[in-house]
Amino acid sequence: MILASDLRQCLRMRILAIDHGNKRMGIAISDELKMIAQPLEFIPAKPFHCFISRLEELLSDKEVELILVGMPRSMNGGYGPAAIKVEEFVEELKTAFPVPIRTWDERLTSAQANRLLIEDNTRREKRKQKVDKMAAAILLQSYLDSLAE
């Protein structure tokens, strides 16, 4: 039997997306209804223990039920060296957190994010600070849209 309080808790859970990078990890979060992705922040990738610590705070604060990690693929659908790094990253996340983790195709998300920021007349130095979290939001929105289909 599902209690109303359990159902309310389940409905409040969110999905957090990570756009993996060597220097910065872009972070985005879904709304509670899992319909809209919002860019949240970027976290420096190194030192890794600081990244894990900040991610732990976000998972707790935002009541996250799933971590979505962008999987880089080539235009022909294959996997390259960047995908191997992401697979290793996902394995590290799995040992650090009990939250389910899933990968999602991230082809062209950074290019899309850059294009959107340019169209919005965002200056180059500001784009650098925003592109990773925007790419994570584009990745997450793609996933959320697939859930609605």
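This section reports on the structure supplied with the text. Being a predicted model, the structure only gives us computed values, none of them experimental.

Observations regarding helix α2 (residues 48-61)
Consideration 1: For α2, which comprises 14 residues, the first-to-last C-alpha distance of 20 Å matches the rise-based estimate of 20 Å (1.5 Å per residue) to within 8%.
Consideration 2: Along α2, the residues that are buried comprise Phe51, Ile52, Leu55, Leu58 and Leu59. The buried residues of α2 occupy an angular sector of 125° when the element is viewed end-on, so they sit on one face. Among the exposed residues of α2, those pointing more than 90 degrees away from its buried face are His49, Ser60 and Asp61.
Consideration 3: Packing partners of the buried residues in α2 comprise β1 (14-19), β2 (24-30), β3 (37-44), β4 (64-71) and α3 (81-96).
Consideration 4: Within two residues after α2, glutamate 63 carries a phi angle of roughly 55°, on the positive side.

Observations regarding the sheet that holds β2
Consideration 1: Strands sit in the order β3-β2-β1-β4-β5 across an open sheet of five strands; the sheet is mixed. Sheet topology places β3 and β5 (101-105) at the edges, where each strand pairs with a single neighbour. Taken pair by pair, the neighbouring strands of this sheet meet at an average axis angle of 30°, ignoring direction.
Consideration 2: Bridge analysis of β4 against β5 gives five bridges, and the strand direction is parallel. Bridging from a neighbouring strand, valine 69 pairs with threonine 103 of β5.
Consideration 3: Packing against the sheet, α3 makes contact with β1, β2, β4 and β5, and its axis sits at approximately 160° to β4.

Notes on the pattern of salt bridges
Consideration 1: Under the criterion given, the structure shown has six salt bridges.
Consideration 2: With a closest N to O distance of 2.7 Å, arginine 54 and glutamate 57 form a salt bridge. Here the residue arginine 54 and the residue glutamate 57 both occupy positions in helix α2, the gap between them amounting to three residues, near one helical turn.
Consideration 3: Judged by relative accessible area, arginine 54 falls into the partly exposed class, the value being 26%.
Consideration 4: For glutamate 57, a relative accessible area of 39% puts it in the partly exposed group.
Consideration 5: Taken together, the shared-partner salt bridges connect Glu41, Arg54 and Glu57 into one network.

Examining the environment of valine 90
Consideration 1: Structurally, valine 90 can be placed in helix α3.
Consideration 2: Measuring from C-alpha to C-alpha, the distance between valine 90 and isoleucine 101 comes to 7.3 Å, with eleven residues separating the pair along the chain.
Consideration 3: Apart from residues lying up to four places away in sequence, valine 90 is in contact with Val69, Ile101 and Thr103.

Observations concerning the packing of aromatic side chains
The description of two aromatic rings rests on the distance between their centres and on the angle between their planes.
Consideration 1: Scanning all chains against the criterion turns up four aromatic pairs.
Consideration 2: Measuring from centroid to centroid gives 5.8 Å for phenylalanine 51 and phenylalanine 89, while their planes differ by 50°, and the two rings are tilted. Placement of phenylalanine 51 in helix α2 and of phenylalanine 89 in helix α3 is noted, with a sequence separation of 38 residues between them.
Consideration 3: Taking relative accessible area as the criterion, phenylalanine 51 reaches 0% and is therefore assigned buried.
Consideration 4: Pairing tryptophan 104 with tyrosine 143 gives two aromatic rings, centres 5.0 Å apart and planes at 85°, and the pair type is edge-to-face. Of this pair, tryptophan 104 sits in strand β5 while tyrosine 143 sits in helix α5 (residues 124-148), and the two are 39 residues apart along the sequence.
Consideration 5: Among the aromatic residues, ring-to-ring pairing joins Phe48, Phe51 and Phe89 into one connected group.

Conventions adopted
- Residues numbered from 1 in each chain as written.
- Predicted model: local features only at pLDDT ≥ 70, side-chain atom pairs only at ≥ 80, totals over all residues.
- Heavy atoms only, no water.
- Helix = DSSP H or I, 4+ residues; strand = E, 2+ residues; numbered from the N terminus.
- Expected span 1.5 Å × (residues − 1).
- Buried < 20%, exposed > 50% of the residue type's maximum accessible area, 1.4 Å probe, protein only.
- Arc of directions from axis to C-beta.
- Contact = heavy atoms within 4.5 Å.
- Pairing = 2+ DSSP bridges.
- Axes fitted to C-alpha atoms, helices over the stretch in contact; angles between N-to-C directions.
- Salt bridge = Lys/Arg side-chain N within 4 Å of Asp/Glu carboxyl O.
- Phe/Tyr/Trp six-rings, centres within 6.5 Å; stacked < 30°, edge-to-face > 60°.

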